[in-house]
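# Fold and geometry: a report
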Amino acid sequence: MNGRWTLALPEDLDDFAWLEAADRGVLLHVALDHAGRRFPAIVYDPYRIVQDADLVNESAPFYEPNVVLVPEVSREQVAQAGDRLARSGDLDWLLRLGPGPESTWSLDVPAGADWTRIGELGTLSASLRYGERRFPVTFHDLRRLAEAVGWDDLDDLVHRRKEPRPVEFSEKNFIVIPALTKDAAEQAVAELGRRREFAWLLG
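One structure accompanies this document, and this report is about it. Given the structure is predicted, the values throughout are model-derived calculations rather than measurements.

### A word on the sheet that holds strand 2 (residues 26–34)
- Spatially, the 8 strands line up as an open sheet ordered 1-2-3-4-8-7-6-5, and their pairing is mixed. Two strands bound the open sheet, and with one partner strand each, they are strand 1 (5–8) and strand 5 (105–108). When strand polarity is set aside, the average angle formed by the axes of neighbouring strands in this sheet is 45°.
- Of the pairings in the sheet, the one linking strand 5 to strand 6 (residues 123–130) comprises 4 bridges and is antiparallel in character. From the neighbouring strand, D108 faces strand 6, where its bridge partner is S127.

Here's what the structure looks like:
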């Protein structure tokens, strides 16, 4: 670590807990820490994140604030991911978070965005808008998520579930919806905003 950012793990992680996390493919109650200031995060392996995201529907999009993907949820892989994130500088945007004037959440997409093309690609990098403030957000549909985390397709995921994927992946404000359309993306942001899933961004 560089003395600034660390990946803070639950204090009760003994050898058995690590084995359990590896078997489940997910490590909960993780935080990104900067001098005692903490932000929520979650660690996934490539199988479990797609399995969890596969439960999404139009009214319940899959959302995680800061996803860290590792080939396997092991002590070594998680430590390496923490070192990589600390060196990258990608987390510094979190330090600008804090309260602001009351507003509502909406989706801010680059002007001229071609939603037909976005739907074909199954991925979108945009911003969450809260008043005058903007926060990064990434959308995937389920097919693109499977590909992004190292699977050829969803069938490949099922047949090769226990083979570690050599993928390093991290996303901030990560949303998965069944089909990536303008209406579906806007509705997902509105629904997650109503559920206060983005409240952590406001300090």
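There is more to say after this.
### Overview of the packing of aromatic side chains
- The final tally for this structure, using the stated rule, is 7 aromatic pairs.
- With a centroid separation of 5.9 Å and 45° between ring planes, the pair formed by W5 and F39 is classed as tilted. You can see W5 sitting in strand 1 and its partner F39 sitting in strand 3 (residues 37–44), a full 34 residues away along the chain.
- Judged by its relative accessible area of 2%, W5 is buried.
- Classification of F39 as buried rests on a relative accessible area of 5%.
- Considering the side-chain rings of W105 and Y130, the 4.6 Å spacing of their centres and the 45° angle between planes classify their relative orientation as tilted.

### With respect to the pattern of salt bridges
- By the definition in use, this model includes 13 salt bridges.
- Note that R38 and D33 form a salt bridge whose closest N and O atoms lie 2.9 Å from each other.
- By relative accessible area, which is 54% here, R38 ends up exposed.

Here is what the cut-offs are and how they apply
Residues numbered from 1 in each chain as written. Predicted model: local features only at pLDDT ≥ 70, side-chain atom pairs only at ≥ 80, totals over all residues. Heavy atoms only, no water. Pairing = 2+ DSSP bridges. Helix = DSSP H or I, 4+ residues; strand = E, 2+ residues; numbered from the N terminus. Axes fitted to C-alpha atoms, helices over the stretch in contact; angles between N-to-C directions. Phe/Tyr/Trp six-rings, centres within 6.5 Å; stacked < 30°, edge-to-face > 60°. Buried < 20%, exposed > 50% of the residue type's maximum accessible area, 1.4 Å probe, protein only. Salt bridge = Lys/Arg side-chain N within 4 Å of Asp/Glu carboxyl O.

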